[in-house]
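One-letter residues, chain by chain:
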Amino acid sequence: MNILISFYSRTGTTRKAAEDIEESLVKRDVEVKTEEVIDKKDRDGKTGYIVAGKDAMMKKETEIEEVSYNPENFDMLVVGTPVWAGKVTPAIRTYLEKYKDEIDHAAFFCTHGGGGESNTFNDMKEIIGEPKEVLTLRDKEVKEGEHLDNLSNFIESIL
Ligand SMILES: Cc1cc2nc3c(=O)[nH]c(=O)nc-3n(C[C@H](O)[C@H](O)[C@H](O)COP(=O)(O)O)c2cc1C
């Protein structure tokens, strides 16, 4: 089995979660590639934050940098996003719209600041359909390394 992990991260929390998922899969001898989806729009600072929330709320797409891997070459896509205004980020929305016809099996993960996944997974389901499994992680627990049990259960159920 080979798995592609694709994620967007503005401040590193979702990246950390993606890296932990990768490490956990490698330990189980799964072939894994990891891809960071890069949003070309400047999301830094206060203005970047406000516009980011607005773009997510309005279900906007964005311009993303070209990616290295096509999900069609993998048995499963594990795709992750931070929750923005209760929704999926524009970068992951754009990525899923672009590759929806190449994705057969997917699992979702998200990180959030305390509000939970809200409509994030519903947004993703609207684009690529039902995932095999989902994982919701609070930013604080990822930073403090308290997410590993949840992560382990997630890995068990996607394999
Ligand atoms: C524009 C913006 C909107 C956000 N909206 C929410 C939200 O609706 N609910 C929530 O729980 N956290 C929200 N957050 C917090 C992030 O989801 C959380 O800190 C996440 O772990 C950040 O991931 P990252 O470090 O990979 O960018 C928001 C953050 C940003 C930048």
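Here the structure is a predicted model, which means the values were calculated and not measured.

Q: Account for the overall build of the protein chain, naming residues and giving values.
A: Along its length, the protein chain carries six helices and five strands. Secondary structure elements of the protein chain occur, N-terminal to C-terminal, as β-α-β-α-β-α-β-α-β-α-α. A compact globule built from 159 residues would reach a C-alpha radius of gyration of about 15 Å, and the protein chain, at 14 Å, matches this within 12%. Reported as C-alpha extents along the three principal axes, the dimensions of the protein chain are approximately 45 × 35 × 25 Å. Taking all 159 residues of the protein chain together, 50% fall into the buried category. Carbon and sulfur atoms make up 41% of the accessible area of the protein chain, which totals about 8100 Å².

Q: So what about the packing of helix H1 (residues 13-27) against helix H6 (residues 148-158)? Which residues, and what values?
A: The N-to-C vectors of H1 and H6 enclose an angle of 55°; their axes lie 10 Å apart at closest approach. Put simply, H1 runs oblique to H6. For the crossing formed where H1 meets H6, the hand is right-handed. Where H1 abuts H6, its residues Ala17, Asp20, Ile21, Ser24 and Leu25 lie against Leu148, Leu151, Phe154 and Ile155.

About the thresholds
Residues numbered from 1 in each chain as written. Predicted model: local features only at pLDDT ≥ 70, side-chain atom pairs only at ≥ 80, totals over all residues. Heavy atoms only, no water. Helix = DSSP H or I, 4+ residues; strand = E, 2+ residues; numbered from the N terminus. Rg over C-alpha atoms; globule rule 2.2 N^0.38 Å. Buried < 20%, exposed > 50% of the residue type's maximum accessible area, 1.4 Å probe, protein only. Areas by Shrake-Rupley, 256 points an atom, 1.4 Å probe, with all protein chains shown as cover. Axes fitted to C-alpha atoms, helices over the stretch in contact; angles between N-to-C directions. Parallel < 35°, antiparallel > 145°, perpendicular 65-115°, else oblique. Left-handed = near helix turned anticlockwise from the far one by under 90°. Contact = heavy atoms within 4.5 Å.

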